[in-house]
Amino acid sequence: MATEADVRRLCLALPGVTERASWNQPAWFARTLMARIWEPGVLTVKTAEREALAGTDPDTYFWTPHHERSPRLVLVRLSRVDGGRLAELLEDSFLLAGGRL
């Protein structure tokens, strides 16, 4: 089970990532927003595989009507992912947000 502390640690370990509030929630930015706490226990990330993720594991990956217009955003229930999977999601989101490894 991943936590918000895991998200913070992994995001800030990526080159050039900064943390600041977005909609009164912790958020992490590469060139653009790469991740944000949506609500307690739920993280927003960018992905090119939103449909596939939600289609294969809708209890973990989902979106709300608010996210309909942003097809690269997916919500992730942190309680349902481990640290390795979280790291993969955040690295992908980092790259989509304009970060460079």
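Residues numbered from 1 in each chain as written. Predicted model: local features only at pLDDT ≥ 70, side-chain atom pairs only at ≥ 80, totals over all residues. Heavy atoms only, no water.

**Focus: the pairing of strand 6 (residues 73-77)**
Two faces make up the sheet, and in a regular strand the side chains alternate between them.
Line of reasoning, step 1. Along strand 6, 4 of the 5 residues are buried, which leaves the element largely enclosed by surrounding structure.
Line of reasoning, step 2. Of the strand pairs in this sheet, strand 5 (residues 61-62) and strand 6 are connected by 2 bridges, and their pairing is antiparallel. Across the sheet, residue F62 finds its bridge partner in strand 6, namely L75. (Buried < 20%, exposed > 50% of the residue type's maximum accessible area, 1.4 Å probe, protein only. Helix = DSSP H or I, 4+ residues; strand = E, 2+ residues; numbered from the N terminus. Pairing = 2+ DSSP bridges.)

**What about the sheet that holds strand 6?**
Line of reasoning, step 1. Here we have 6 strands laid out as an open sheet, ordered 1-2-3-4-6-5, and antiparallel in their pairing. At either end of the open sheet lies a strand with only one pairing partner, and these are strand 1 (18-22) and strand 5.
Line of reasoning, step 2. Pairing between strand 4 (residues 42-46) and strand 6: 5 bridges, direction antiparallel. Its bridge partner lying in strand 6, V45 is registered against V74.

**A short note on the packing of aromatic side chains**
Line of reasoning, step 1. Under the defined criterion, the tally for this structure stands at 0 aromatic pairs.
Line of reasoning, step 2. When the ring centre of F29 is taken as origin, the NZ or CZ atom of R20, which lies over that ring, is 3.6 Å away.
Line of reasoning, step 3. One cation-aromatic arrangement involves R77 over F62; the distance from NZ or CZ to the ring centre is 4.0 Å. (Phe/Tyr/Trp six-rings, centres within 6.5 Å; stacked < 30°, edge-to-face > 60°. Lys NZ or Arg CZ within 6 Å of the ring centre and 35° of its normal.)

**What to know about the pairing of strand 1**
Line of reasoning, step 1. Two strands pair when backbone bridges link them, and strand 1 and strand 2 (residues 25-29) are joined in this way by 5 bridges, in the antiparallel orientation. Looking at strand 2, one finds that R20 is bridged to A27.
Line of reasoning, step 2. Between strand 1 and the antiparallel strand that follows it, strand 2, lie 2 residues; W23 among them carries a positive phi value of about 55°.

**Details of the nonpolar core**
Note on soluble globular proteins: their nonpolar side chains tend to be buried together.
Line of reasoning, step 1. In this structure, W28, M34, L43, L86 and L90 are the most contacted members of the largest nonpolar core, which totals 24 residues.
Line of reasoning, step 2. Looking at which element gives the most residues to this core, the answer is helix 3 (residues 83-96), with 4 residues.
Line of reasoning, step 3. Apart from the residues within four sequence positions on either side, L86 is in contact with A2, D6, V7, L10, L43, L78 and V81. (Core = buried A, V, L, I, M, F, W, Y, C linked by side-chain atoms within 4.5 Å. Contact = heavy atoms within 4.5 Å.)

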